[in-house]
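Spelled out from the first residue to the last, the chains are:
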Amino acid sequence: MEFYLDTADVAAVERLAGVLPIKGVTTNPSIVARGKSDIYSVLRDMQAIIGTEGQLFAQVMSRDPDVMVEEALKLREVIPSLVVKVPVTHAGLSAIRQLTVLDIPTLGTAVYGAGQGFYAALAGARYIAPYVNRIDAQGGDGIALVKELQTLINLHSPQTQVLAASFRTPRQVLDCLLAGCRAITVDPAVAELFLQDPAVEDALNRFDHDWQARFGHADLG
């Protein structure tokens, strides 16, 4: 199971890397554009936090397949282990095929259909990222799509992983894991929702109260 944070917020990664069992960090152009740093600075800073064992993902911007490959090579000059995110379009599929020949790992992104994602797997993508909440927002069923795509991958392309993305609630994340996803990427705010149930704090307060009522102090000393 691979758990990633989906962000370009270096401070958030630094804060959560020591708490959550993250494998690495994914970014996309919109996330990077909301920050103040360029993609290369963000990637360097992220790598310094997660270490050489951590995995980073960054996306190409061109709509031309040959230029996509050039951009991928430029990104890999900065982070040699980078997984290159490529939109699953006609041009993107061509770029994924070229990058696969070059032994550069890719993630087929902006996936809104099981067939679309499966094409990326057949082209050689190591990961495929269906946009769960965005599909729901368009009136579709993101979890159902993930289940279909995971079944296709299990049957026909087991070397590829579904890396589900675009979540609004922890429930969506859990449903993807229950559908068999071996990788997910989650916004830090959504990731922290798993630990923010008010009942947890109530339980801890009750433990403190009962202990201090009996022993008169708040520790085991």
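We now turn to the structure provided with this report. In this text the structure is predicted, and so the values were computed from the model without any measurement. (Residues numbered from 1 in each chain as written. Predicted model: local features only at pLDDT ≥ 70, side-chain atom pairs only at ≥ 80, totals over all residues. Heavy atoms only, no water.)

## Quick look at the overall build of the chain
The following threshold applies: Put simply, DSSP marks the helices as runs of H or I at least four residues long and the strands as runs of E at least two long, and each gets a number from the N terminus on. Accessible area is worked out with a 1.4 Å probe on protein chains only. A residue is then buried under 20% of its type maximum, exposed over 50%, and partly exposed in between. The contact criterion used is simple: two residues touch if any of their non-hydrogen atoms lie within 4.5 Å. Method for areas: the Shrake-Rupley scheme with a 1.4 Å probe, in which residue coverage is limited to the protein chains shown. When charges are counted, Lys and Arg are positive and Asp and Glu negative, with His and the chain ends excluded. Just so you know, the charge point we use is NZ for Lys, CZ for Arg, CG for Asp and CD for Glu.
The helix and strand tally for the chain stands at 11 helices and 8 strands. Judged by the C-alpha coordinates and their principal axes, the chain covers about 70 × 35 × 30 Å. Per-residue burial for the chain yields a buried fraction of 47% across its 221 residues. Considering only contacts within the chain whose residues lie at least 6 apart along the sequence, 55% involve residues at least 24 apart. Taken as a whole, the chain presents about 11,600 Å² of accessible surface, with 54% of it coming from carbon and sulfur. If you average the places of the 18 positive and of the 25 negative side-chain charges in the chain, the two averages end up 3 Å apart.

## With respect to the environment of N205
Along the polypeptide, N205 turns up in helix 11 (residues 198–215). For N205, a relative accessible area of 40% corresponds to the partly exposed category. Spatially, the C-alpha atoms of N205 and T160 are 46 Å apart, while their sequence positions differ by 45 residues.

## Focus on the sheet that holds strand 6 (residues 127–130)
Condition: Paired strands, as defined in this entry, are two strands with at least two bridges between them according to DSSP. A fitted line through C-alpha atoms serves as each axis, taken over the contacting stretch for helices, and the angle formed by two N-to-C directions is quoted from 0 to 180°.
Pairing in this closed barrel of 8 strands is parallel, and the strands run 1-2-3-4-5-6-7-8 around the ring. Across the sheet, the axes of successive neighbouring strands diverge by a mean angle of 25 degrees, strand direction being ignored. The pairing of strand 4 (residues 83–87) with strand 5 (residues 106–111) spans 4 bridges and is classified as parallel. Bridge pairing in strand 5 places P87 opposite T109. On top of the sheet, helix 8 (residues 142–156) reaches strand 6 and strand 7 (161–164); it is set at about 165 degrees to strand 6, its chief contact.

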